[in-house]
Protein chains: 2
Amino acid sequence: MRIGRHTWRFANQPVIIGTSTVVGPEEGKGPLAADFDFVHEDLDLKEPSWEKAERKLLEQASQLAIVNANITQDDLDYFVGGDLMNQIISNSFAARGLGVPYIGVFGACSTSMEALALGSLLVDSGNANFVMAGTCSHNCSVEKQFRYPTEYGSQKPPTAQYTVTGAGVAIVGKKGNGPKVTAATIGKIVDLGIKDPFNMGAAMAPAAVDTIQTHLTDLKRSPAYYDMIVTGDLSTVGYGIAKDLFKKHDINIQTTNYQDCGLMMYDMVKQKQDVQAGGSGAACSAVVTYGHILKRMRQGELKKVMIVATGALMSPLSYQQGESIPCIAHAVTIEMGGDES
Amino acid sequence: MRIGRHTWRFANQPVIIGTSTVVGPEEGKGPLAADFDFVHEDLDLKEPSWEKAERKLLEQASQLAIVNANITQDDLDYFVGGDLMNQIISNSFAARGLGVPYIGVFGACSTSMEALALGSLLVDSGNANFVMAGTCSHNCSVEKQFRYPTEYGSQKPPTAQYTVTGAGVAIVGKKGNGPKVTAATIGKIVDLGIKDPFNMGAAMAPAAVDTIQTHLTDLKRSPAYYDMIVTGDLSTVGYGIAKDLFKKHDINIQTTNYQDCGLMMYDMVKQKQDVQAGGSGAACSAVVTYGHILKRMRQGELKKVMIVATGALMSPLSYQQGESIPCIAHAVTIEMGGDES
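All residue numbers refer to positions counted from 1 along the written sequence of the respective chain. As they are written, the chains are lettered A onward and the ligands numbered 1 onward, keeping that order. Local features in this predicted model are restricted to residues whose pLDDT is 70 or higher, and side-chain atom pairs enter the listing and the counts only when it is 80 or higher, whereas totals over whole chains, interfaces and linings include all residues. To get the side-chain values, all heavy atoms of the structure are used, and hydrogens and water are removed first.

Asker: When you look at the domain arrangement of chain A in this model, what are you seeing that I'm missing?
Answerer: It is common to give the size of an interface as the accessible area lost on bringing the parts into contact. All names here are of chain A. Residue ranges assigned to each domain were obtained from an automatic or database domain assignment. We note that the domain assignment places domain 1 (2-173) and domain 2 (180-335) within chain A. Here the C-alpha centroids of domain 1 and domain 2 sit 17 Å apart. When two parts are brought into contact, each loses some accessible area as probed by a 1.4 Å sphere; the total of that loss over both is the buried area. Summed over both partners, the interface of domain 1 with domain 2 buries about 5,000 Å², with 63% contributed by carbon and sulfur atoms. Distance and chemistry together define a polar contact, namely a pair of N or O atoms within 3.5 Å, with one atom able to donate a hydrogen and the other to accept it when in protein, and with adjacent residues in sequence counting only for side-chain atoms on both sides. Joining domain 1 to domain 2, the criterion identifies 27 residue pairs in polar contact (both at pLDDT 80 or more). For the purposes of this entry, the term helix denotes a DSSP run of H or I that reaches at least four residues, the term strand denotes a run of E that reaches at least two, and both are numbered from the N terminus. Looking at the side of domain 1 that touches domain 2, the elements that each hand over two or more residues are β2 (7-9), β3 (15-23), α1 (25-28), α4 (111-124), β7 (130-137), α5 (139-146), β8 (162-163) and β9 (166-173). The element contributing the most residues to the side of domain 1 that touches domain 2 is β3, with 7 residues. Classes in brief: Ala, Val, Leu, Ile, Met, Phe, Trp, Tyr, Cys and Pro nonpolar; Asp, Glu, Lys and Arg charged; the others, Gly included, polar. In terms of residue class, the side of domain 1 that touches domain 2 is built from 31 nonpolar, 20 polar and 9 charged.

Asker: For this particular structure, what's the right way to read the interface of chain B and chain A?
Answerer: Each partner contributes residues to the interface: chain B has 63 residues there, and chain A has 63 residues. Salt bridge criterion: a side-chain nitrogen from Lys or Arg within 4 Å of a carboxyl oxygen from Asp or Glu. Our count for the chain B to chain A interface comes out at 10 salt bridges. D77 of chain A is the salt-bridge partner of R5 of chain B, the closest N and O atoms lying 2.9 Å from each other. Taken together, the links from chain B to chain A amount to 38 residue pairs in polar contact (both at pLDDT 80 or more). At the level of elements, β2 (7-9), α2 (50-68), α3 (89-98), β6 (102-104), α4 (111-124), α5 (139-146), α10 (316-320) and β15 (327-335) of chain B are the ones that each hand at least two residues to the side of chain B that touches chain A. Ranked by residues supplied to the side of chain B that touches chain A, first place goes to α3 of chain B with 5 residues. Split into classes, the residues belonging to the side of chain B that touches chain A amount to 29 nonpolar, 19 polar and 15 charged. Contacts were defined at the residue level, with two residues in contact if any of their heavy atoms lie within 4.5 Å.

Asker: Sorry if this is basic, but what is going on with the packing of aromatic side chains here?
Answerer: Classification of ring pairs rests on two measures: the distance between centres of Phe, Tyr or Trp rings, Trp counted by its six-membered ring, which must be within 6.5 Å, and the angle between planes, read as stacked under 30 degrees, edge-to-face over 60 and tilted in between. Within the structure shown, the criterion is met by 14 aromatic pairs over all chains. Centroid distance F79 of chain A to Y102 of chain A: 5.7 Å. Interplanar angle 20°. Geometry classified as stacked. Of the two residues, F79 of chain A is situated in strand β5 (residues 78-83) and Y102 of chain A in strand β6 (residues 102-104); the sequence distance between them amounts to 23 residues. Centre to centre, the rings of Y162 of chain B and Y266 of chain B are 5.6 Å apart; their planes meet at 90°, and the pair counts as edge-to-face. Of this pair, Y162 of chain B sits in strand β8 (residues 162-163) while Y266 of chain B sits in the loop between α8 (261-264) and β13 (279-280); the two residues are 104 residues apart in sequence, bridging distant segments of the chain. For the pair Y162 of chain B and Y266 of chain B, a shared accessibility class is recorded, and that class is buried. The buried label goes to any residue with under 20% of its type's maximum accessible area, the exposed label to any with over 50%, and the partly exposed label to all in between, with areas taken from a 1.4 Å probe on protein chains only.

Asker: I'm lost on the environment of I251 of chain A in this one. Help?
Answerer: Residues and elements named next belong to chain A. Counting through the fold element by element, I251 comes out in the loop between α7 (235-248) and β12 (258-260). With 91 residues separating them in the primary sequence, I251 and A160 have C-alpha atoms 27 Å apart. Residues contacting I251, with those up to four places away along its chain left out, are V209, Q213, L216, P223 and F246.

Asker: I keep staring at the environment of S90 of chain B and nothing clicks. Help me out?
Answerer: Residue and element names in this part refer to chain B. If you trace the backbone, S90 turns up in helix α3. Sequence spacing of S90 and D260 is 170 residues, and the spatial spacing of their C-alpha atoms is 25 Å. Apart from the residues lying within four places of it in its own chain, the contact partners of S90 are E54, R55, L58, D83, M85 and C136.

Asker: It is not clear to me how the side chain of N127 of chain B should be interpreted in this structure. Could you clarify?
Answerer: All names here are of chain B. Along the chain, N127 turns up in the loop between α4 and β7 (130-137). Using a relative accessible area of 2% as the deciding quantity, one classes N127 as buried. Within the local environment of N127, its side chain forms a polar contact with the side chain of S125, the two groups lying 2.9 Å apart.

Structure follows, in structure tokens:
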């Protein structure tokens, strides 16, 4: 159903019948550790390269999600996924192992919700019974590809963000008792001219606010409809900017109802986890949503949630050629008991 | 509608209301030159880098498609696109200029039909009135990124393929007199262990045959249903392998009805265009389909066509780490007058 112009409202309300999350050691020290299915103690996962370690995160998460959803690999109609690696190799190689028709997507750190939105559309439109949506990132493979060789241990400014090592996967089906995917708002590119790849939060915040505003306008809703609105990985800098932009655009979001996955992921105060401004990476919103938030929903603590995954769509080369950072945010709403409005 | 398991049959039969193709100088010397909307005489398009030249191809094709479809930029609900560049920057930066909600996809050279399939799904499911699906590639940006610095002019084996410089865009709408998108079959990864990035055709051919077989099985059709079945960019080596595999799998395709965009693109016999085994690149199937094939359909020469875009989903890094090439093919069927079966 076409509601407003950029929001899909899923009439058949597909259900998230199973999820899984696999993370690395730093994530296992954070406040959400107990919510993840599997915490690796080492960063290399006993693989010979960071890229193969990243792929393994996703392969493990995929297998766990199939078990958690209580289906078999053969039941899956499609796998929708992408990641930050050049040519999204982590997902494509994981898809090879799954043997399921594969729709590769790229939205940088917004990939989690882009994949969930498309997967839900496939089920909602009657074109699939079961779709897997997944993404992953690895601190060392991303550091190596986007910035400097990991072994340099290069210093970072406090506005930089720490790429989450992890993989998050959701399986969407036609029916079940789980949380329902009720709508998705597809973002457009917002680029206010920021060129600093060590300040992604500032670059991405306007895209997040734009998508939230579009969503609320399309569905004629106030932010209070949701128990929680969560951005993907704006972290300290972007979170503050987003709050300022909400005020500027008269979007009345209670601070207690607005959170950011990049800030929820690590404990930068008591434990002083050394993650600069907070978490980022394609896995950030995926593991926080599929691990922590959905768990709170299943326990009855949250009923209506909007996840707004944010992505910075530059490449090291576009940065080197003097380009600013085009950003995007895709929102998906998840509701226990569905949307009865 | 879920038909078979991996084929979407579009009940509302979305219409390709406009297309456009912009190509480079080598493509302008080939046999299809007259079918393209715009032929550039230089490879750099007066841009300071190959990447910016590639982006310009897509920006121009997007603007031309909007004119050809007789709509305005504001009418577009979504842009679905991707390309071969790391982090699909050509499409993301072009999307910034369009200001339209953007769904980034990656399927290497299968991106053209992946984007058209998803765009058609959005219109068919009632979630959009107008969707633009596009892709692009540039011989020099791809050469530089995947192989050696362009300026080296490195020698290539005869199995190598020549990346098409061009951009192809289609706009899908709800109704109109144009060719209709009637179905799409999403491929799964097929990887028979080929590791040579200078022999993509051999790597991709089994994926193309797998998707064609799935499509025909899902829709209970014989190949004779189609006036033409066209693979994306298998070129000389892959085309021969595909024909062998058709025989092996008892897929009865008349050789006269089976063609390949990589072979149609250039004249390797009379004109002796120096393109090794033939054309490739994300733009290859896009410009041949949206330029040449749709023109023949509109002129009444072809009624029912299946385009099977093929993609090699490796990266230079996965190759360096000793991995084989995971391949995929996505098929879209286009029919004048629609599917009346």
